[in-house]
Amino acid sequence: MTKTPTLELHGLQEVLDGISRAMERETERGRVADFIPELACVDKSQFGIAVALSSGEVFASGDAQTQFSIQSISKVITLAMALGRLGDGLWARVGREPSGLAFNSILQLEQEGARPRNPFVNAGAIVVTDAILATSEPREVLAEILQFLRTASGDNSIHISELVAKSEANSAHRNLALAHMLKARNNLVNEPSRVLGVYFHQCAIEMTCVQLASAGRFLMSTPETNLISAENIACINALMMTCGHYDGSGEFAYRVGLPGKSGVGGGILAIVPGRASIAIWSPGLNEQGNSALGTLAAEKLARRMGWSIFV
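Residues numbered from 1 in each chain as written. Predicted model: local features only at pLDDT ≥ 70, side-chain atom pairs only at ≥ 80, totals over all residues. Heavy atoms only, no water.

The next thing to look at is the nonpolar core. Counting residues in each nonpolar core, the largest one holds 72 residues, and the members touching the most others are Leu90, Ile126, Ile205 and Ile236. Here the element with the most residues in this core is helix H4 (residues 122–133); it accounts for 8 residues. In contact with Ile126, not counting residues within four places along its chain, are Asn175, Leu178, Ala179, Leu182, Leu188, Val195, Leu196 and Tyr199. Phe252, Ala270, Ile280 and Met305 belong to the second largest nonpolar core, which has 28 residues in total. (Core = buried A, V, L, I, M, F, W, Y, C linked by side-chain atoms within 4.5 Å. Buried < 20%, exposed > 50% of the residue type's maximum accessible area, 1.4 Å probe, protein only. Helix = DSSP H or I, 4+ residues; strand = E, 2+ residues; numbered from the N terminus. Contact = heavy atoms within 4.5 Å.)

If you want it as structure tokens, here you go:
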């Protein structure tokens with residue numbers, strides 16, 4: 001990756017403001033995640049973006065201080081926790097390959113012996129949560145996830161929305177099917193209800209773009225921000241690049257060129273290794289379940305700043 005070619009970092013605020021204005025003019029905003037009733041009510045006209053630099057400075061624009069449900073972005077945190085506990089032993093239960101199918105696919109799980117393709121599809125994240133529960137109680141796991149995010153972001157106000165967690169639990173038929181399939185094929189130690197209780201609550205964490213960008217600095221591989229080992233940082237970034245946007249991961253890599261993780265709440269966390277953590281939120285989703293405007297904004301930012309890892 002080359003250094004920022006034509007724009008000094010002090011112009012970053014102007015870039016973010018310009019992207020926010022451009023997103024206001026966009027008419028194709030996708031659809032909100034109406035399969036989770038509590039998220040179906042979110043106003044998809046909203047857009048926020050924040051960038052946290054390795055120096056600790058944070059630049060933000062738009063609705064960057066509005067809380068949103070991080071959903072599957074939480075899988076990055078639980079993966080970090082599981083790797084810290086199990087190391088390479090985790091990979092006996094979950095793979096490291098792109099799925100090529102939807103994030104909640106049952107078909108692939110059945111065909112491949114209930115070993116999920118990667119830790120970011122729903123089945124893989126359920127296995128990761130189950131692995132963490134092997135040594136901790138549900139309340140302890142949730143407290144550890146929150147403490148990790150609060151420490152990483154420097155903000156103790158990060159919390160879980162009980163309304164969203166309950167909404168997910170009440171519409172959880174497909175995730176229940178995935179968990180029971182895993183249990184039936186001996187890839188789930190705990191009971192499905194116990195694992196999914198934690199999983200729904202971790203997905204229901206609410207953050208702002210500023211908080212998420214600040215927390216994401218732990219994946220930047222700089223001595224000031226390391227909360228996990230350099231080896232695990234490299235592993236997670238690699239998986240974010242290849243699997244972080246489900247069956248849209250190749251498109252995101254092509255257009256943006258950065259490791260990224262999306263959530264159906266409309267959030268995206270992207271990492272510029274050694275330089276910056278980017279958080280973008282717009283609740284309208286594309287066909288792959290990734291933020292429509294978020295993906296466009298990430299592409300514009302990466303190109304404007306010369307931040308693709310491939311150039």
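So, about the pattern of salt bridges. Taken as a whole and assessed by the stated rule, the structure comprises 9 salt bridges. Close ionic contact of Arg194 with Glu137 constitutes a salt bridge, the shortest N to O distance being 3.5 Å. Linking Arg194 in helix H8 (residues 192–203) with Glu137 in the loop between H4 and helix H5 (138–153), this pair joins segments that are 57 residues apart in sequence. Judged by its relative accessible area of 29%, Arg194 falls in the partly exposed class. Classification of Glu137 as partly exposed rests on a relative accessible area of 44%. Residues Arg255 and Glu299 are paired through a salt bridge, measuring 3.0 Å at the closest nitrogen-oxygen approach. Pair noted here: Arg255 is in helix H11 (residues 249–255) and Glu299 is in helix H12 (residues 292–305), with a separation of 44 residues, a long-range link. (Salt bridge = Lys/Arg side-chain N within 4 Å of Asp/Glu carboxyl O.)

With that out of the way, let us pick up unusual backbone geometry. In this structure, Gln71 is a non-glycine residue whose phi angle is positive, near 50°. Topologically, Gln71 is positioned in the loop between strand S3 (68–69) and helix H2 (74–86). Given a relative accessible area of 3%, Gln71 falls into the buried group. Of note in the backbone geometry, Asn186 takes a positive phi value of approximately 65° without being a glycine. Structurally, Asn186 can be placed in the loop between helix H7 (173–184) and H8.

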